[in-house]
Amino acid sequence: MKLVSLFCDGSSLGNPGFGGYCGILRYNNTEKIIQGAYPHVTNNQMELMAVIQSLKALKEPCKVEIFSDSHYVVKGINEWLPLWTQKGFKNVKNKELWLEYLSVAHEHIIEAFWVKGHNGHKENEQCDKIAKAAALSLRSECE
């Protein structure tokens, strides 16, 4: 399996508000940027959407190392999902997004790593900038 690094971030202008996400997929020396925006979303939704949309862009099963500044995403993937699944996602926020994550993640081997946000991590800073720009762009279009 190919080893792919996924650096991701989400942004929300208000919580909820206009939101944007960004994922940077890196394999060897090749990078692909995945980005998008939605109205009336939360930061956590955009953090998770960055992962979902980036995984959808993979064309074959891969070993994926996810780097995120979101404890929600990292702990959700590494720790909480088994219990949530066992309990049928009862009382879990963003259930639909977590179910979508499971549907796109099942063919990959995934491990998530937390990185401190706004702390000079090159790819995290780049994702943050792109995600915010996507949210701002959508807000401008809607005003």
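Source: prediction; values computed, not measured. (Residues numbered from 1 in each chain as written. Predicted model: local features only at pLDDT ≥ 70, side-chain atom pairs only at ≥ 80, totals over all residues. Heavy atoms only, no water.)

**Quick look at the sheet that holds strand E5 (residues 109-114)**
(1) Moving on: Strand order in the open sheet formed by five strands is E3-E2-E1-E4-E5, and the pairing between neighbours is mixed. Of all strands in the sheet, those bounded by a partner on one side alone are strand E3 (30-41) and E5. Averaged over all adjacent pairs, the angle separating strand axes in this sheet is 20 degrees, with direction ignored.
(2) Moving on: As paired elements, strand E1 (residues 2-14) and strand E2 (residues 17-27) share ten bridges and run antiparallel to each other. Pairing of Gly-14 across the sheet is with Gly-17, part of E2.
(3) Moving on: Sheet strands touched by helix H4 (residues 122-142): E1, E2 and E3. Its angle to E2, the strand with the most contacts, is close to 145 degrees. (Pairing = 2+ DSSP bridges. Helix = DSSP H or I, 4+ residues; strand = E, 2+ residues; numbered from the N terminus. Axes fitted to C-alpha atoms, helices over the stretch in contact; angles between N-to-C directions. Contact = heavy atoms within 4.5 Å.)

**Examining the pattern of salt bridges**
(1) Moving on: Applying the stated criterion across every chain, the model contains six salt bridges.
(2) Moving on: With its nearest N and O atoms 3.0 Å apart, the salt bridge here joins Glu-123 to Arg-26. You can see Glu-123 sitting in helix H4 and its partner Arg-26 sitting in strand E2, a full 97 residues away along the chain.
(3) Moving on: Among the residues examined, Arg-26 registers a relative accessible area of 22% and is labelled partly exposed.
(4) Moving on: Put simply, Glu-65 and Lys-63 hold a salt bridge, and the shortest N to O gap is 3.8 Å.
(5) Moving on: When its relative accessible area of 31% is taken as the criterion, Lys-63 is described as partly exposed.
(6) Moving on: The structure contains a network of salt bridges with shared partners spanning Arg-26, Glu-31 and Glu-123. (Salt bridge = Lys/Arg side-chain N within 4 Å of Asp/Glu carboxyl O. Buried < 20%, exposed > 50% of the residue type's maximum accessible area, 1.4 Å probe, protein only.)

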